[in-house]
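Structural characterization, general
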Amino acid sequence: AQSVAQPEDQVNVAEGNPLTVKCTYSVSGNPYLFWYVQYPNRGLQFLLKYITGDNLVKGSYGFEAEFNKSQTSFHLKKPSALVSDSALYFCAVRDPGGYNKLIFGAGTRLAVHP
Amino acid sequence: SAVISQKPSRDICQRGTSLTIQCQVDSQVTMMFWYRQQPGQSLTLIATANQGSEATYESGFVIDKFPISRPNLTFSTLTVSNMSPEDSSIYLCSAQRGQGNTGELFFGEGSRLTVL
């Protein structure tokens, strides 16, 4: 069965520093991977996805993520964090060989301090 | 992207009652899903809302408790039946355009239910 893990409940970063939010996955074949962000009392917003091709994908708000097949990881990164990036981040996976459902990780709370 | 509107945005309900949540998408979509989220926690898929046929439920969720309708390509409802305090949660509607597994899902703002 497909699954995704986010090993950190919370990540703390100083404004202006680079940030990384970690994600690892488990699927039977090649994965389709997604990152979403959720601000307080809001729905989820799509950031970026990896389907195929270049391992480095760029998304909204200056975020990017690197797909690493050997490490089964899809870490979210940003070169310079903003206080406004503080939110809950979810990694999600779809098994291309399975049904259409999107399975989410537990979420990582990002806190960017001034 | 698609704009998804959910009603109600929040409600306080009495134990034993039922509540129907409506989800309206601003354009036709191929797939619609219902998720549940405890505040600050991950999302759990309840079911896939199939247009013109019965919803497909995930393990642990049954039609009698969470009946779902999807009469057309832009609208779906989720009913939480015979509610108990354990049903207090945020219920999120999501949708996808296009076929297959490569498209991203778009989400509504959620419906926060509190059951007393």
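Just above, that's the structure.
Scope of this entry: the structure provided in the associated data block.

Calculation criteria
Within each chain, residues carry numbers counting from 1 in the order of the written sequence. Here the convention is simple: chains get letters from A, ligands get numbers from 1, in the order in which they are written. In view of the model being predicted, local features appear only for residues whose pLDDT reaches at least 70, and side-chain atom pairs are presented and counted only at 80 or more, with totals across whole chains, interfaces and linings using the full set of residues. Calculated side-chain values reflect all of the structure's heavy atoms, with hydrogen atoms and water omitted. What counts as a helix is a DSSP run of H or I of at least four residues, what counts as a strand is a run of E of at least two, and both are numbered from the N terminus. The size measure is the radius of gyration over C-alpha atoms, and the globule rule it meets is 2.2 Å times the number of residues to the 0.38 power. Note on contacts: a residue pair qualifies if any of its non-hydrogen atoms lie within 4.5 Å across the two residues. Computed by Shrake-Rupley with a 1.4 Å probe, the accessible areas treat only the displayed protein chains as cover when residues are assessed. Lys and Arg are tallied as positive, Asp and Glu as negative. Neither His nor the chain termini are counted. Think of each charge as sitting on NZ of Lys, CZ of Arg, CG of Asp or CD of Glu. Two parts lose some accessible area (1.4 Å probe) when they are put together, and adding that loss for both gives the buried area. One speaks of a salt bridge when a side-chain nitrogen belonging to Lys or Arg is within 4 Å of a carboxyl oxygen belonging to Asp or Glu. Distance and chemistry together define a polar contact, namely a pair of N or O atoms within 3.5 Å, with one atom able to donate a hydrogen and the other to accept it when in protein, and with adjacent residues in sequence counting only for side-chain atoms on both sides. What counts as a disulfide here is a pair of cysteine sulfur atoms lying within 2.5 Å. Buried means the residue's accessible area, taken with a 1.4 Å probe over protein chains only, is under 20% of the maximum for its type, while exposed means over 50%, and partly exposed covers the values in between. The criterion is simple. A nonpolar core is a set of buried Ala, Val, Leu, Ile, Met, Phe, Trp, Tyr and Cys residues joined through side-chain atoms within 4.5 Å. In this scheme Phe, Tyr and Trp rings, the latter by its six-membered ring, pair at centre separations within 6.5 Å, and the angle between planes marks the pair as stacked below 30 degrees, edge-to-face above 60, and tilted otherwise.

Scanning chain A from N- to C-terminus turns up zero helices and twelve strands. When the elements of chain A are put in sequence order from the N terminus, they spell out β-β-β-β-β-β-β-β-β-β-β-β. Whereas a compact globule of 114 residues would reach a radius of gyration of roughly 13 Å, chain A reaches 14 Å, a difference of no more than 12%. Dimensions of chain A, computed from C-alpha atoms along their principal axes, come out at roughly 45 × 30 × 20 Å. The contacts in chain A between residues at least 6 apart in sequence include a share of 56% that link residues at least 24 apart. Total accessible area computed for chain A in this model is approximately 5,200 Å², and 49% of it derives from carbon and sulfur atoms. Treating the 10 positive side-chain charges of chain A as one cloud and the 8 negative ones as another, the clouds have centres 6 Å apart.

Across the contact, 25 residues belong to chain B and 25 residues belong to chain A. For the chain B and chain A pair, buried surface summed over both sides reaches about 2,000 Å², with 48% attributable to carbon and sulfur atoms. Its largest share of buried area at the contact with chain A, chain B owes to Asn 101, Thr 102 and Glu 109 of chain B, together 29% of the area lost on that side. For the pair chain B and chain A, the number of links is three salt bridges. The closest approach of N and O atoms between Glu 104 of chain B and Lys 49 of chain A, which form a salt bridge, is 2.8 Å. Between the two partners, chain B and chain A, sit ten residue pairs in polar contact (both at pLDDT 80 or more). Secondary-structure elements contributing two or more residues to the side of chain B that touches chain A are β4 (31–37), β5 (43–49) and β9 (89–96) of chain B. Top element by residues in the side of chain B that touches chain A is β4 of chain B. It accounts for four residues.

Turning to the state of the cysteines, a few remarks are in order. All names here are of chain B. Per the counting criterion, the structure on display carries two disulfides over all chains. For Cys 23, the disulfide goes to Cys 93, at an S-S distance of 1.9 Å. Disulfide Cys 23-Cys 93: the torsion about the S-S bond is -70°, which places it as left-handed. Taken together, the residues span a long stretch of sequence, with Cys 23 in strand β3 (residues 19–25) and Cys 93 in strand β9 at a distance of 70 residues. This pair shows no difference in class: Cys 23 is buried, exactly as Cys 93 is.

On to the nonpolar core. The biggest cluster of nonpolar side chains holds 28 residues, and the ones touching the most others in it are Trp 35, Leu 47, Leu 48, Phe 74, Leu 76 and Tyr 89 of chain A. At the level of secondary structure, the elements contributing two or more residues to this core comprise β2 (10–14), β3 (19–21), β5 (32–38), β6 (44–50), β8 (64–68), β9 (73–78), β10 (87–94) and β12 (108–113) of chain A. Looking at this core element by element, the count peaks at four residues for β10 of chain A. Formed by 27 residues, the second largest nonpolar core is a distinct cluster that contains Ile 4, Ile 21, Met 32 and Ala 49 of chain B.

With that out of the way, let us pick up the pattern of salt bridges. For side chains bearing opposite charge, pairing can occur when the charged atoms are close. Residue and element names in this part refer to chain A. Tallying each qualifying case throughout the model produces seven salt bridges over all chains. In this structure, Lys 58 and Glu 64 form a salt bridge, with 2.9 Å as the shortest nitrogen-oxygen distance. In this structure, Glu 66 engages Lys 77 in a salt bridge whose closest nitrogen and oxygen atoms are separated by 3.7 Å. Of this pair, Glu 66 sits in strand β8 while Lys 77 sits in strand β9; the two residues are eleven residues apart in sequence, bridging distant segments of the chain. What makes Lys 77 partly exposed here is its relative accessible area of 29%.

Considering all chains together, one arrives at 13 aromatic pairs over all chains under this definition. For the ring pair Tyr 50 of chain A and Phe 74 of chain A, a centre distance of 6.5 Å and an interplane angle of 50° mean the geometry is tilted. Of the two residues, Tyr 50 of chain A is situated in strand β6 and Phe 74 of chain A in strand β9; the sequence distance between them amounts to 24 residues. Relative accessible area serves as the criterion here: at 7%, Tyr 50 of chain A is assigned to the buried category. Seen in terms of ring centroids, Phe 61 of chain B and Phe 66 of chain B are 5.6 Å apart; in terms of plane orientation they differ by 65°. Their pairing is edge-to-face. As far as the burial class goes, Phe 61 of chain B and Phe 66 of chain B line up, both buried. An aromatic cluster of three or more residues is present, and its members are Tyr 36, Phe 46, Phe 90 and Phe 104 of chain A together with Tyr 35 and Phe 107 of chain B.

Geometry only, nothing functional implied.
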